[in-house]
Amino acid sequence: LERPAGFAPLAPHLNAVADAASALQFSEGDWQEIEATSVRLGKSKEHPSYGWDNEYGRRSVNLRAFQSGRSLITNGDFLAFVEAGGYFEDRLWSETGRRWKSFRNVKFPTFWVPDGPSGSNQFKLRTIFEVIDMPLDWPCLVNYHEAKAFCRWRSEVDNRHYRLPSEAEHHAMRRYESGAVGRN
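1. Quick word on the sheet that holds strand 7 (residues 131-133)
Across the sheet, which stays open at both edges, the 3 strands sit in the order 5-6-7 with antiparallel pairing between neighbours. What marks the edges here is a single partner per strand, and that holds for strand 5 (112-114) and strand 7. For this sheet, the mean angle separating the axes of adjacent strands, direction not counted, is 45°. Sheet strands touched by helix 1 (residues 75-83): strand 5 and strand 6 (123-126). Its angle to strand 5, the strand with the most contacts, is close to 50°.

Structure follows, in structure tokens:
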């Protein structure tokens, strides 16, 4: 597969995280307070674009105030989980996640390509058209099971509770970023 002529190049990356351990240095400034709000989810049957069956029907969700990270989990953040043996610690995974992990025999994210001796935790990243040096500062692409296990692991490391946001919380965070929801 080759990059089509005229196709935009990949975004530059800094690889600012020298090693995975330094990715664990969060500060209180890395959190944002999302005020209590109400979020409307769903769309009407008359909505002009395609949708999945679970997207139709409108409902409102009242949210309590919550905290959210200011940035996405990066490849560098997730590398720390891999290096700590996160894929081998069944206690971090839900029952469904363990079954998925066993069935797929995964030991790292799908788009990571091993680059070095087995078990060295050296990876490159497979993009649409090429394999590139691992951009540690790019957001990590993982599935629900992997993200949930990461949250459990990170909770143990930081002695602080982390979890995935609900769909309604995700919408509130998007509104917060656009300035449509109050900020503390």
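So much for the structure itself; the text now carries on.
2. Quick look at the packing of helix 1 against helix 3 (residues 144-158)
In contact at an axis separation of 11 Å, helix 1 and helix 3 are set at 75° when each is read in the N-to-C sense. Of the possible angle classes, the one that applies to helix 1 and helix 3 is roughly perpendicular. Residue-level inspection shows D77, F78, A80 and F81 of helix 1 in contact with helix 3, the latter providing E146, A149, F150 and W153.

3. Quick look at the pairing of strand 4 (residues 66-69)
Side chains F66 and S68 project from strand 4 onto a buried face, and the interleaved Q67 and G69 project onto a face without burial. Sheet analysis places strand 1 (residues 31-34) next to strand 4, joined by 4 bridges and oriented antiparallel. The residue of strand 4 that forms the bridge with W31 is G69.

4. Some words on the layout of surface pockets
Here the largest pocket is characterised by a volume of approximately 1200 Å³. The leading source of residues in the lining of the largest pocket is helix 4 (residues 167-178), at 6 residues. A breakdown of the residues in the lining of the largest pocket according to their chemical character gives 18 nonpolar, 9 polar and 9 charged. Within this model, the second largest pocket holds a volume of roughly 230 Å³. Around the second largest pocket, the lining comprises 16 residues; the ones closest to its centre are F108, G119, S120, N121 and F123. For the lining of the second largest pocket, the residue count by class is 6 nonpolar, 7 polar and 3 charged.

The rules behind these values
- Residues numbered from 1 in each chain as written.
- Predicted model: local features only at pLDDT ≥ 70, side-chain atom pairs only at ≥ 80, totals over all residues.
- Heavy atoms only, no water.
- Pairing = 2+ DSSP bridges.
- Helix = DSSP H or I, 4+ residues; strand = E, 2+ residues; numbered from the N terminus.
- Axes fitted to C-alpha atoms, helices over the stretch in contact; angles between N-to-C directions.
- Contact = heavy atoms within 4.5 Å.
- Parallel < 35°, antiparallel > 145°, perpendicular 65-115°, else oblique.
- Buried < 20%, exposed > 50% of the residue type's maximum accessible area, 1.4 Å probe, protein only.
- 1 Å grid on protein atoms, 1.4 Å probe; cavity = no way out; pocket = protein on both sides within 12 Å on 5 of 7 lines; lining within 4 Å.
- Points joined across faces, edges and corners; volume = space filled by probe spheres on them.
- Nonpolar A, V, L, I, M, F, W, Y, C, P; charged D, E, K, R; others polar.

Geometric descriptors of this kind do not, in isolation, establish any biological role.
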